[in-house]
Each structure stands twice: as C-alpha cells, then as structure tokens.
Amino acid sequence: MIQRAPPLLRVVSASSSCLLSDFARGMAGHSKWSTIKRHKGAEDAKRSAVFAKIGKQLRIAVSSSSTTDLNNVLARAKEADMPKDVIERAMERAKQAKAGASLRYEGTGPHGISLICMATSDNKARTAALMKEAFNKHGGHMGAPNSMNFKFRK
C-alpha cells in the first residue's frame, strides 16, 4: 500500500480562498512565542544576576563613602545598561540599611606568603568561618589580628 503525503494546499470553497494544511503550518504545540519566551527568560536571568552584583557593590561603595569606588561602580552600572531608577533605588536602600562591618583577616598562604584580606559582611561569624576554610583549603593558616601588619604599608 502506497501512502501519499498530505496536500500542502486545500481548497475550501470555490472562491479561491485556500488554507495551509496542518503539515505546512508546522507541528502542533511549537509556537514562536515559546521560543521567544525561553530566550528572553534566559537573558533576563543573566541581566538580573549582573544587576544584583552591581547593587551589592553600590551598597558597599555608598557605605564606605569613597567617591572613587562609587564612581567606578556607577561606570560599571552604566556599562551594563542598568536603568537610572534602579541605580537610585539601590543607593537609597544602601543609605537606609545598616552598613555591613568591615573585617580584616591576616594569615599566611602557601609557601609562607603573608596575606591581609579585607571583607565587608553583615555576618562576622559566617565570614570568619569562610575565610578560615579558604586559608586551610589552600595550605595556609589564619593568624591573629595584627600579626602581619609589620610586613605591609597602607
């Protein structure tokens, strides 16, 4: 038995109006909007992650009151096409929120390299645990406060 392919056009009436058959229109359930939605969702997720990171940097720059840091972060925000109202809201939130504590950790890295690590955090205990884990993971040791101060100039 020979099967014939479905016709591409079929005449509905004698008034020369034609409809494309189901075969010519494409498969059911695969719309262009689904493709657009998927791509737009992925792009929006990437932009959201970038905006969140810049917002966090803005909060730190505003709380440190360093104009050079603030100018650098604002330049990065403009590069990422961050809307002006989003930047202003992030800066207002930073002014209203309590500033995170500025923490300093000192220690030795692999091969006896002296390290001073600066961090800004709202949770000192979590940051200390993460820093200690990082030092230990890479073959270093966390030192006491001001144990490496004499080796560095500010």
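The structure this text deals with has already been given above.
Here the structure is a predicted model, which means the values were calculated and not measured. (Residues numbered from 1 in each chain as written. Predicted model: local features only at pLDDT ≥ 70, side-chain atom pairs only at ≥ 80, totals over all residues. Heavy atoms only, no water.)

A look at the pattern of salt bridges
Tallied over the entire structure, the rule returns three salt bridges. Here Lys40 makes a salt bridge to Asp44, at a shortest N to O gap of 3.1 Å. One end of the pair is Lys40 and the other is Asp44, both in helix α2 (residues 32–64) and four residues apart, which spans about a single turn. Lys40 gets classed as partly exposed once you look at its relative accessible area, which sits at 45%. (Salt bridge = Lys/Arg side-chain N within 4 Å of Asp/Glu carboxyl O. Helix = DSSP H or I, 4+ residues; strand = E, 2+ residues; numbered from the N terminus. Buried < 20%, exposed > 50% of the residue type's maximum accessible area, 1.4 Å probe, protein only.)

A few points about the nonpolar core
The biggest cluster of nonpolar side chains holds 13 residues, and the ones touching the most others in it are Leu58, Leu70, Met82, Ile87 and Met91. Ignoring sequence-local partners within four residues, the contact set of Leu70 consists of Leu58, Ala61, Val62 and Met91. (Core = buried A, V, L, I, M, F, W, Y, C linked by side-chain atoms within 4.5 Å. Contact = heavy atoms within 4.5 Å.)

Looking at the side chain of Thr127
As for its position among the elements, Thr127 is in helix α5 (residues 124–137). Judged by relative accessible area, Thr127 falls into the buried class, the value being 10%. Of the polar contacts made by the side chain of Thr127, one reaches the backbone oxygen of Asn123; its length is 2.9 Å. Aside from chain neighbours lying at most four places away, what touches Thr127 is Leu103, Tyr105, Ala119 and Ser121. (Polar contact = N/O pair within 3.5 Å; in protein donor to acceptor, adjacent residues only side chain to side chain.)

Quick look at helix α3 (residues 67–79)
Taking 1.5 Å as the rise per residue, α3 with 13 residues should run 18 Å; its terminal C-alpha atoms sit 18 Å apart, in good agreement. Residues Leu70, Val73 and Ala77 constitute the buried set of α3. Seen along its axis, α3 keeps its buried residues to an arc of 65°; they face one direction. Projecting away from the buried face of α3 at angles above 90 degrees are the exposed residues Thr68, Lys78 and Glu79. Among the structural elements, α2 and α4 (84–96) are those in contact with the buried residues of α3. (Expected span 1.5 Å × (residues − 1). Arc of directions from axis to C-beta.)

As for the sheet that holds strand β3 (residues 101–108)
Pairing within the open sheet is antiparallel, and its three strands lie in the order β4-β3-β5. The open sheet has two edge strands, β4 (114–121) and β5 (141–142), and neither has a second partner. Note: β3 against β4, eight bridges, orientation antiparallel. Its bridge partner lying in β4, Ala101 is registered against Ser121. Here α5 sits on the sheet and contacts β3, β4 and β5; the angle it forms with β3, its principal contact strand, is near 25°. (Pairing = 2+ DSSP bridges. Axes fitted to C-alpha atoms, helices over the stretch in contact; angles between N-to-C directions.)

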